[in-house]
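Here is how the chains run, residue by residue.
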Amino acid sequence: REHYNSGQTSNFHFGLEAHHAQLAAEAMNKADGSDGKKEDGQQSQSAQLGTTTFPVDSAQYKGSFKMRKGVKYQSIIDKQIVLKFRKNSQGSYNVHGKGINSIGTFTLVGTLILSGNGSGHVELYRMYPLAPAPAPTGSGAAAA
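Parameters and conventions
Residues numbered from 1 in each chain as written. Predicted model: local features only at pLDDT ≥ 70, side-chain atom pairs only at ≥ 80, totals over all residues. Heavy atoms only, no water. Pairing = 2+ DSSP bridges. Helix = DSSP H or I, 4+ residues; strand = E, 2+ residues; numbered from the N terminus. Axes fitted to C-alpha atoms, helices over the stretch in contact; angles between N-to-C directions. Buried < 20%, exposed > 50% of the residue type's maximum accessible area, 1.4 Å probe, protein only. Salt bridge = Lys/Arg side-chain N within 4 Å of Asp/Glu carboxyl O. Core = buried A, V, L, I, M, F, W, Y, C linked by side-chain atoms within 4.5 Å. Contact = heavy atoms within 4.5 Å.

## A closer look at the sheet that holds strand S5 (residues 105-114)
Logical step 1: Taken in spatial order, the six strands make up an open sheet running S1-S2-S3-S4-S5-S6, and their pairing is antiparallel. Of all the strands in the sheet, just strand S1 (13-15) and strand S6 (120-127) have a single pairing partner and so form its edges. Geometrically, the sheet is characterised by an average inter-axis angle of 30° between neighbouring strands, direction not taken into account.
Logical step 2: Bridge count for S5 against S6 is eight bridges, and the pairing is antiparallel. By the bridge assignment, leucine 112 is partnered in S6 with valine 122.

## Some remarks on the environment of serine 115
Logical step 1: With respect to the secondary-structure elements, serine 115 resides in the loop between S5 and S6.
Logical step 2: Residue class for serine 115 comes out exposed when judged on its relative accessible area of 51%.
Logical step 3: The spatial distance from the C-alpha of serine 115 to the C-alpha of serine 92 is 9.8 Å, given a sequence separation of 23 residues.

## Here we look at the pattern of salt bridges
Logical step 1: Applying the stated criterion to the full structure yields two salt bridges.
Logical step 2: Among the ionic pairs, aspartate 78 bridges to arginine 126, the shortest N-O distance being 2.9 Å. You can see aspartate 78 sitting in strand S3 (residues 72-87) and its partner arginine 126 sitting in strand S6, a full 48 residues away along the chain.
Logical step 3: Overall, arginine 126 belongs to the partly exposed group, its relative accessible area being 21%.

## A few points about the nonpolar core
Logical step 1: Counting 12 residues, the largest nonpolar core consists of Ala24, Val56, Tyr61, Ile81, Leu83, Phe85, Tyr93, Val95, Phe106, Leu108, Leu112 and Leu124.
Logical step 2: Setting aside chain neighbours within four positions, we find alanine 24 in contact with Val56, Asp57 and Ser58.

Structure (structure tokens):
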């Protein structure tokens, strides 16, 4: 959060293309054991699942943000983002995921608070693993 508040980075934008949303929604229904029927017993329009199911777990999210490099901002494009949403006891969703971009592999942890039927506020924290410390050189070793 401090990088955002200090102006070093911008908001993180992400989304799921319609055809990926459709496939992910169908997979979620299948995993839940849903037979695709509405409460009135009629078959639901499976062609609409991608636009009526929210949130959707998927390995096909894409996103971007801007990071300050000197006085200019550089766009960082996320090549792939995997997000999973799990309902919590407060009625919102815990969000877990991971992704990859030009900086490296990262994990995402956060919360989705719904605000209607298909929208909400997501707060995600992106974490990159620390680079390993350099191996000690032989200059400090005792000679035999």
